[in-house]
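Spelled out, the chains give:
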Amino acid sequence: LRATWWLVQYSLGFADLEAAVRSAIRSIAGDLEADMRRRVHAWYASDVKHLYRPRAKAQVQHHQAEGHKVVLLTSASNYVSEVVAEELGLDAFLCNRFEVDAAGAYTGEPLGTLCYGAGKLTLAQEYLQSAGAEISECWFYTDSMADIAMMEAVGHPVAVNPDPRLGRVARARGWAVEDWGV
């Protein structure tokens, strides 16, 4: 119910989703990381794996054929990201990570920069600097207005099946808008 409430607020442009992400991370304090990884992998296999938009895998393969590094930049956790990266054969993933204590339990704090909004841009810039690449040479695909900082920074912003707010901004700025199917 809490997640639904945040999503309704987000769709209306009122939500502070960074606060929601921090709250979600706090809510797992004390849980064991091994249990989370096991649950997320099972959930991915049963409920998520079949949900890729039809053109998503083809676009990844196109970039790989062009010799581009393909990196997942997501607000999802490292547990989801690692399975997606493996499934699609990605070069790397940048995502939200959670601090774990010596006993293997979550502390309720994020590990490093939160991969959301401006933090997503920070993580991307750090990765690109270590890879010797320029952000102006990069493509970035998203459906969310929450990623506007990344869209403004990259050389090739692409709104894919965008939420209504991002769709309006993308069209106004002349960014590519694509439909990858349902």
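Here the structure is shown first, and the text comes after it.
Residues numbered from 1 in each chain as written. Predicted model: local features only at pLDDT ≥ 70, side-chain atom pairs only at ≥ 80, totals over all residues. Heavy atoms only, no water.

## Looking at the overall build of the chain
Phase 1: Within the chain, the secondary structure is distributed over eight helices and seven strands.
Phase 2: Here the C-alpha radius of gyration of the chain, 17 Å, is about what a compact globule of 182 residues would show, namely 16 Å.
Phase 3: Put simply, the chain has 182 residues, and 38% of those count as buried.
Phase 4: Within the chain, contacts between residues separated by at least 24 positions form 44% of all contacts whose residues are at least 6 apart in sequence.
Phase 5: Accessible area for the chain stands at about 10,300 Å²; split by element, carbon and sulfur atoms hold 55% of it.
Phase 6: Each charge class in the chain was averaged separately, 17 positive and 23 negative side chains, and the resulting centres sit 5 Å apart. (Helix = DSSP H or I, 4+ residues; strand = E, 2+ residues; numbered from the N terminus. Rg over C-alpha atoms; globule rule 2.2 N^0.38 Å. Buried < 20%, exposed > 50% of the residue type's maximum accessible area, 1.4 Å probe, protein only. Contact = heavy atoms within 4.5 Å. Areas by Shrake-Rupley, 256 points an atom, 1.4 Å probe, with all protein chains shown as cover. Lys, Arg positive; Asp, Glu negative; His and termini not counted. Charge placed at Lys NZ, Arg CZ, Asp CG, Glu CD.)

## Section: the nonpolar core
Phase 1: Counting residues in each nonpolar core, the largest one holds 21 residues, and the members touching the most others are Leu-73, Ile-135, Phe-140, Met-150, Val-154 and Trp-175.
Phase 2: Broken down by secondary-structure element, the contributors of at least two residues to this core are strand E2 (92-96), helix H6 (118-131), helix H7 (148-153) and helix H8 (164-173).
Phase 3: When residues in this core are grouped by element, the largest group, five residues, is from H6.
Phase 4: Once residues lying within four places of it in the same chain are set aside, the contact partners of Leu-73 are Leu-94, Cys-115, Lys-120, Ala-124, Phe-140 and Met-150.
Phase 5: Val-48, Tyr-79, Leu-90 and Tyr-106 belong to the second-largest nonpolar core, a separate cluster that totals 19 residues. (Core = buried A, V, L, I, M, F, W, Y, C linked by side-chain atoms within 4.5 Å.)

## Topic: the pairing of strand E4 (residues 106-110)
Phase 1: Where strand E3 (residues 98-100) lies against E4, two bridges are found, and the strand directions are antiparallel. Considered in E4, the bridge of Val-100 is made with Tyr-106.
Phase 2: The hairpin turn running from E3 into E4, its antiparallel successor, is five residues long, and Gly-104 in that turn takes a positive phi close to 85°. (Pairing = 2+ DSSP bridges.)

## Here we look at the pattern of salt bridges
Phase 1: On inspection of all chains with the given rule, the structure shows eight salt bridges.
Phase 2: In this structure, the salt-bridge partner of Arg-37 is Glu-33, at a minimum N-O distance of 4.0 Å. One end of the pair is Arg-37 and the other is Glu-33, both in helix H3 (residues 33-48) and four residues apart, which spans about a single turn.
Phase 3: For the salt bridge of Glu-152 with Arg-173, the shortest nitrogen-to-oxygen distance reads 2.6 Å. With Glu-152 in helix H7 and Arg-173 in helix H8, this pair connects stretches of sequence that are 21 residues apart.
Phase 4: Overall, Glu-152 belongs to the partly exposed group, its relative accessible area being 47%.
Phase 5: Several salt bridges share partner residues, and in doing so they unite Glu-33, Arg-37 and Glu-82 into one network. (Salt bridge = Lys/Arg side-chain N within 4 Å of Asp/Glu carboxyl O.)

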